[in-house]
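# Descriptive analysis of the structure
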Amino acid sequence: LVAAIAFAIGLNFYAQYHSQVINFEFIGAKESEMLLLQDGGDHIVIDISSGAYEYSNDAYQRTVENTATEISAYILTHYHTNHQSTLYKLFRKAVVQTLYLPYPQDLEEYYKMSPLVALAKSANVDVVLYDSDKATSISDSVKITLSPREYLKRSTHPLLYLTIDTPKCKITYLGESSSDNTTYSNQLSGSVANSRIIILGTHGPKTKNPIDLGNLNTVKEIVFADKDIEAHFINNVRETVTFYRNT
């Protein structure tokens with residue numbers, strides 16, 4: 001297994017007629033990360049990786065460990081060329097109900113997306129194209145909002161942040177250097193301020209500036225996927241906040 005850090009947090013909330021539990025797990029290795037959610041019988045994988053098969057396979061193995069027989073939703077947050085071979089192998093091994101793909105922002109992304117759509121259709125996997133910066137319903141209780149891909153002049157790697165909303169909890173993932181982007185600044189302050197869990201991930205250009213997330217009154221857990229990220233973090237949180245570190 002490739003995971004460098006893994007943990008699970010159970011979040012309780014009441015659905016319309018019955019009690020539901022959402023289980024959340026973060027898997028991180030190098031600059032590739034996976035977010036796993038279980039919402040009742042729905043098993044959701046959010047791919048923030050380099051597209052290498054080992055990360056998708058690790059996520060699948062963990063869903064199996066959680067008694068899943070299939071992946072309800074496999075969500076790509078951005079495109080890599082090797083996603084094609086990875087998804088080919090995954091679809092041969094696992095039952096995937098729906099593949100979620102972000103609308104391409106340019107021609108290069110379109111050419112990476114098109115083979116994935118054809119591959120999914122050949123494997124009888126439904127395809128949903130979703131808009132960045134708009135909430136997308138993944139299950140009865142889970143919505144995700146992905147930022148439009150932005151870039152810094154010093155790197156070809158996209159900046160990325162996303163939020164996961166449930167009736168009782170918001171999770172915000174911040175890729176490296178995402179707080180440096182002026183386009184994100186207003187959106188980040190509102191998203192972070194209302195989050196219970198914040199993940200400071202490694203995907204994106206290396207962090208070089210202090211990370212000041214401002215008001216963190218609602219935050220209960222912060223994940224540092226890398227010790228260098230933690231070194232840049234301006235710690236103005238309450239003592240009751242729990243830190244998870246990649247050791």
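Residues numbered from 1 in each chain as written. Predicted model: local features only at pLDDT ≥ 70, side-chain atom pairs only at ≥ 80, totals over all residues. Heavy atoms only, no water.

### Description of the layout of surface pockets
Worth spelling out the cut-off: Grid points spaced at 1 Å and placed over the protein atoms alone form the basis of the search, with a cavity being a set where a 1.4 Å probe fits but cannot get out and a pocket an open set showing protein on both sides within 12 Å along at least five of seven lines. Lining residues have an atom within 4 Å of a point. Grid points are joined across faces, edges and corners, and a volume is the space filled by probe spheres set on the points. Asp, Glu, Lys and Arg are counted as charged, while Ala, Val, Leu, Ile, Met, Phe, Trp, Tyr, Cys and Pro are counted as nonpolar; the rest, among them Gly, fall into the polar class.
Approximately 240 Å³ is the volume found for the largest pocket. For the largest pocket, the full set of lining residues is H78, Y79, H80, D106, E108, E109, K112, Y151, T156, H157 and P158. Within the lining of the largest pocket, the residues separate by chemical class into three nonpolar, four polar and four charged.

### Observations concerning helix α1 (residues 53-65)
Rules: Starting at the N terminus, helices and strands are each numbered in turn, a helix being any DSSP run of H or I of at least four residues and a strand any DSSP run of E of at least two. Multiplying 1.5 Å by the helix residue count minus one yields the expected span of that helix. Here's how the labels work: a residue is buried when its accessible area is under 20% of the maximum for its type, exposed when over 50%, partly exposed in between, all with a 1.4 Å probe on protein chains only.
Taking 1.5 Å per residue, 13 residues should reach 18 Å; α1 reaches 18 Å between its end C-alpha atoms and fits that length. Restricting attention to buried positions, one finds in α1 the residues Y55, S56, N57, D58, A59, Y60, R62 and T63. Count one or two residues on from α1 and you reach T67, which has phi positive near 70 degrees.

### Examining the packing of helix α2 (residues 83-93) against helix α3 (residues 107-122)
Stated precisely, the cut-off is as follows: Lines are fitted to the C-alpha atoms to define the axes, a helix being fitted only along its stretch in contact, and any angle between axes, read from their N-to-C directions, falls within 0 to 180 degrees. Angle categories are assigned with fixed cut-offs, so that under 35 degrees is roughly parallel, over 145 is roughly antiparallel, 65 to 115 is roughly perpendicular, and the rest are oblique. By definition in these notes, contact holds between two residues if any of their heavy atoms fall within 4.5 Å.
Two numbers describe how α2 lies on α3: the axes approach to 10 Å, and their chain directions differ by 10 degrees. Taken as axis vectors, α2 and α3 run roughly parallel relative to one another. Every residue of α3 that contacts α2 at H83, Q84, L87, Y88 and F91 is listed here: P115, L116, L119 and A120. In terms of residue class, the contact of α2 with α3 is made up of seven nonpolar, two polar and no charged.

### Considering the sheet that holds strand β13 (residues 221-224)
Here is the rule we go by: Strand pairing is assigned whenever DSSP detects at least two bridges linking the two strands.
Strand order across the open sheet formed by seven strands is β8-β9-β10-β11-β12-β13-β14, with mixed pairing between neighbours. This sheet does not close on itself; its edge strands, each paired only once, are β8 (136-137) and β14 (242-245). Where strand β10 (residues 161-166) and strand β11 (residues 169-174) come together, six bridges link them in antiparallel fashion. Each residue of the ladder has a partner; that of D165, found in β11, is K170.

### Focus on the pattern of salt bridges
Put simply, the rule reads: Salt bridge criterion: a side-chain nitrogen from Lys or Arg within 4 Å of a carboxyl oxygen from Asp or Glu.
Summed over the entire model, instances satisfying the criterion amount to seven salt bridges. Salt-bridge contacts for D165 lead to K170; the nearest nitrogen and oxygen are separated by 3.7 Å. The partly exposed category is assigned to D165, whose relative accessible area is 24%.

### A word on the pairing of strand β5 (residues 71-76)
Applied cut-off: Call a crossover right-handed when, viewed with both strands pointing away from you, the route from the first strand across the helix to the second goes clockwise.
For β5, the tally of buried residues reaches six of six residues, placing the bulk of the element in the interior. As paired elements, strand β4 (residues 42-48) and β5 share four bridges and run parallel to each other. Bridge assignment links V45 to a residue of β5, and that residue is Y74. Traced from β4 through α1 to β5, the parallel crossover comes out right-handed. Note: β5 against strand β6 (residues 96-102), four bridges, orientation parallel. Bridging across to β6, I71 finds its partner in V96. The handedness of the β5 to β6 crossover, carried by α2, is right-handed.

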